[in-house]
Amino acid sequence: MGIEDYGGGQGPQPDVLVVTTNDVPGHRTEQVIGEVFGLTVRSRHLGSQIGAGLKSMIGGELKGLTKTLVETRNQAMDRLVEQARARGANAVLAFRFDVTEAADVGTEVCAYGTAVVVARE
């Protein structure tokens, strides 16, 4: 797996800007739409669980699980952006991820933030 397999985020010209900050430099917030989130729950398949169990005995990165978590986070973020766009936002402020175990059957990943309309100053 190359470095591109381990990351996420947006391309250079997104139609809905997602930032972890409370504002966007050079922009003013014209309208606060409200909270938006993208949610997904993923289970690990048996093969990756066995592989992870064996790998954990000898140490090292669990690459299969890393790739799965990256894909899961990206899917949650894509859903957040879709919801923000559908509600008329062009930005999401205070973006965060929340990750929890879901009843011992999978991992829940929630991407959340505040949908807003921003304009250049």
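Before reading on, note that the structure itself is shown above.
Throughout, residues of each chain are indexed from 1 in the direction in which the sequence is written. Residue-level local features of this predicted model are given only where pLDDT is at least 70; pairs of side-chain atoms are given and counted only at 80 or more, and the full residue set underlies all totals for whole chains, interfaces and linings. Hydrogens are left out, water is left out, and the side-chain values use all remaining heavy atoms of the structure.

**A short note on the pairing of strand E4 (residues 106–120)**
With respect to burial, E4 is a largely interior element, eleven of its 15 residues being buried. For strand E2 (residues 27–42) and E4, the ladder comprises 14 bridges, and the chain directions are antiparallel. Across the sheet, residue Val 36 finds its bridge partner in E4, namely Gly 113. Think of it this way: DSSP has to see at least two bridges between two strands before they count as a pair. Secondary structure follows DSSP: runs of H or I at least 4 residues long count as helices, runs of E at least 2 residues long count as strands, and numbering of each begins at the N terminus. Sheet topology note: the strand E3 (residues 91–102)/E4 ladder contains ten bridges and is antiparallel. Each residue is assigned to one of three classes by its accessible area relative to the maximum for its type, calculated with a 1.4 Å probe on protein chains only: buried under 20%, partly exposed between the two thresholds, exposed over 50%.

**Structural notes on the pairing of E3**
Looking at chain direction, strand E1 (residues 17–18) and E3 are connected through two bridges and run parallel. Looking across to E3, one finds that Val 18 is bridged to Val 92. Between E3 and E4, which pair antiparallel and follow one another directly, the connecting turn spans three residues, one of which, Ala 103, has a positive phi of 50°.

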